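# Observations on the model geometry
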Amino acid sequence: MLVEVAAAVIERADGAFLLAQRPAGKVYAGWWEFPGGKIHEGESPRGALARELHEELGIELRLAYPWITRVHAYAHATVRLHFFRVLQWTGDPHPRENQAFLWQRLQAPIAEPMLPANAPVLASLALPLEYAISDATNLGRDVFLQRLERRLKGGLQLIQFRDRDLPEREKLAQSAITLAHRHGAKVLMSGGPAIADGVHFPAAELMALRERPNRGLAAASCHTRAELERAMRLEIDFAVLGPVKATASHPGAQLLGWEGFAEIARGASIPVFAIGGLRLEDLHEARSAGAHGLAMMRGSWS
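Residues numbered from 1 in each chain as written. Predicted model: local features only at pLDDT ≥ 70, side-chain atom pairs only at ≥ 80, totals over all residues. Heavy atoms only, no water.

## Details of helix H8 (residues 257-265)
For H8, the complete set of buried residues consists of Trp258, Gly260, Phe261, Ala262, Ile264 and Ala265. Buried residues belonging to H8 abut helix H7 (225-233), strand S13 (238-241), strand S14 (272-275) and helix H9 (283-288). Two residues or fewer past H8, Gly267 is found with a positive phi of approximately 80°. (Buried < 20%, exposed > 50% of the residue type's maximum accessible area, 1.4 Å probe, protein only. Helix = DSSP H or I, 4+ residues; strand = E, 2+ residues; numbered from the N terminus. Contact = heavy atoms within 4.5 Å.)

## Section: the sheet that holds strand S5 (residues 60-73)
Strand order in the open sheet made by the four strands is S4-S1-S6-S5, with mixed pairing throughout. On the outer flanks of this sheet lie strand S4 (36-38) and S5, each paired with one strand and no other. Taking each pair of neighbouring strands and ignoring which way they run, the sheet shows an average axis angle of 20°. Two strands pair when backbone bridges link them, and strand S1 (residues 2-10) and S4 are joined in this way by three bridges, in the antiparallel orientation. Across the sheet, the residue bridging to Ala7 is Gly36, located in S4. Strand contacts of helix H1 (residues 45-57): S1, S4, S5 and strand S6 (78-90), with the helix running at about 105° to S5, the strand carrying the most contacts. (Pairing = 2+ DSSP bridges. Axes fitted to C-alpha atoms, helices over the stretch in contact; angles between N-to-C directions.)

## So, the sheet that holds strand S7 (residues 101-104)
Pairing is antiparallel in the open sheet, where three strands are placed in the order S3-S2-S7. Where the open sheet ends on each side, the last strands, each with one partner, are strand S3 (32-33) and S7. Direction of pairing for strand S2 (residues 17-21) relative to S7: antiparallel, over a ladder of four bridges. For Leu19, the partnering residue across the bridge sits in S7 and is Leu102.

## A closer look at the pattern of salt bridges
The full count for this structure, using the stated rule, is 14 salt bridges. With its nearest N and O atoms 2.3 Å apart, the salt bridge here joins Arg212 to Asp237. Of this pair, Arg212 sits in the loop between helix H6 (203-208) and strand S12 (217-222) while Asp237 sits in the loop between H7 and S13, and the two are 25 residues apart along the sequence. Residue classification places Asp237 among the partly exposed positions, given a relative accessible area of 23%. A cluster of three or more residues bridged by salt bridges with shared partners is formed by Glu43, Arg51, Glu52 and Glu55. (Salt bridge = Lys/Arg side-chain N within 4 Å of Asp/Glu carboxyl O.)

## Some thoughts on the nonpolar core
One recurring pattern in soluble globular proteins is that nonpolar side chains are buried together. Counting 30 residues, the largest nonpolar core has Leu206, Leu228, Ile236, Trp258, Phe261 and Ala274 as its most contacted members. Those elements giving two or more residues to this core turn out to be strand S11 (198-201), S12, H7, S13, H8, S14 and strand S15 (293-296). With five residues, the top contributor of residues to this core is H8. Not counting residues up to four positions away in its chain, the partners in contact with Phe261 are Leu241, Val244, Leu256, Val272, Phe273, Ala274, Ala289, Gly290 and Ala291. In this structure, Val5, Ala7, Ala117 and Leu122 belong to the second largest nonpolar core, which totals 22 residues. (Core = buried A, V, L, I, M, F, W, Y, C linked by side-chain atoms within 4.5 Å.)

## Concerning the packing of aromatic side chains
Throughout the structure, instances matching the rule amount to twelve aromatic pairs. Measuring from centroid to centroid gives 5.3 Å for Phe144 and Trp301, while their planes differ by 80°, and the two rings are edge-to-face. Linking Phe144 in helix H4 (residues 141-153) with Trp301 in helix H10 (residues 298-301), this pair joins segments that are 157 residues apart in sequence. Taking the centre distance of 5.9 Å and the plane angle of 75° together, the rings of Trp258 and Phe261 count as edge-to-face. On the criterion of helical spacing, the pair formed by Trp258 and Phe261 is a turn pair, its members being three residues apart in helix H8. Given a relative accessible area of 14%, Trp258 falls into the buried group. On the accessibility criterion, Phe261 (0% relative accessible area) is buried. Clustering of aromatic rings is evident, with ring pairs tying together Phe17, Phe34, Trp67 and Phe83. In this arrangement the basic side chain of Arg85 is found over the ring face of Trp67, its NZ or CZ atom lying 5.1 Å from the centre. (Phe/Tyr/Trp six-rings, centres within 6.5 Å; stacked < 30°, edge-to-face > 60°. Lys NZ or Arg CZ within 6 Å of the ring centre and 35° of its normal.)

Here it is as structure tokens:
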């Protein structure tokens with residue numbers, strides 16, 4: 001039996017998120033989970049989320065972005081969890097079903113025991129909302145490194161080093177990695193070599209991949225649902241999907257638009273970044289369409 005569940009990652013402005021402890025009398029009593037509950041027949045996942053948050057925590061939902069969907073088989077049932085990231089609500093969360101709850105930070109020891117279906121979500125939650133793609137080919141090496149340092153000082157956390165045809169590519173990549181590590185950021189290499197914190201696979205390489213690399217982060221570019229399904233089966237950490245809008249790096253490419261992006265990304269079990277002609281001001285629309293965040297080349301360095 002497949003049980004449909006709506007689950008909330010309720011996030012404060014300071015980065016903490018809410019965990020609830022299952023009360024006595026329920027299966028897995030005493031275990032920690034993200035708040036939420038079963039989706040009733042005829043309910044939408046978002047409608048169920050709003051009802052559950054009112055019933056469990058006494059808050060009224062204002063802004064929630066669809067995020068990832070995870071399936072987990074327990075001994076008593078198989079659940080499909082529709083996760084939302086909840087950023088705005090009214091009222092102060094308080095237990096209405098005699099359950100304990102706490103505000104958790106990713107940097108702190110995680111409350112235990114954590115429900116198995118919820119634990120893998122923490123790794124996805126740790127991903128930042130921006131995935132910056134190197135553009136040294138157009139900017140020039142020195143300008144790129146200057147802008148990279150400026151963005152790192154401003155909090156940039158995740159970079160893909162692309163620039164595949166650049167002379168002395170590995171030397172520049174190593175400079176970028178050293179700079180990123182100095183600021184606590186991570187760099188993924190597109191097309192190798194494995195000198196960074198992980199690898200980013202273009203779509204063609206993704207489709208030929210037999211298994212996920214066993215070290216570092218793994219990401220992949222996708223343009224179709226079939227490619228995204230491949231990334232999910234391989235348990236790639238996250239995908240980049242597009243192009244959403246026209247982009248100079250891929251002239252003439254078939255554009256997804258936000259409706260096309262949402263259709264392909266719907267129900268994805270891994271975070272999906274939107275890409276293609278995007279700027280930071282597109283973040284709300286991207287997340288409303290189910291994106292984890294934005295992957296940008298020119299938008300990250302302008």
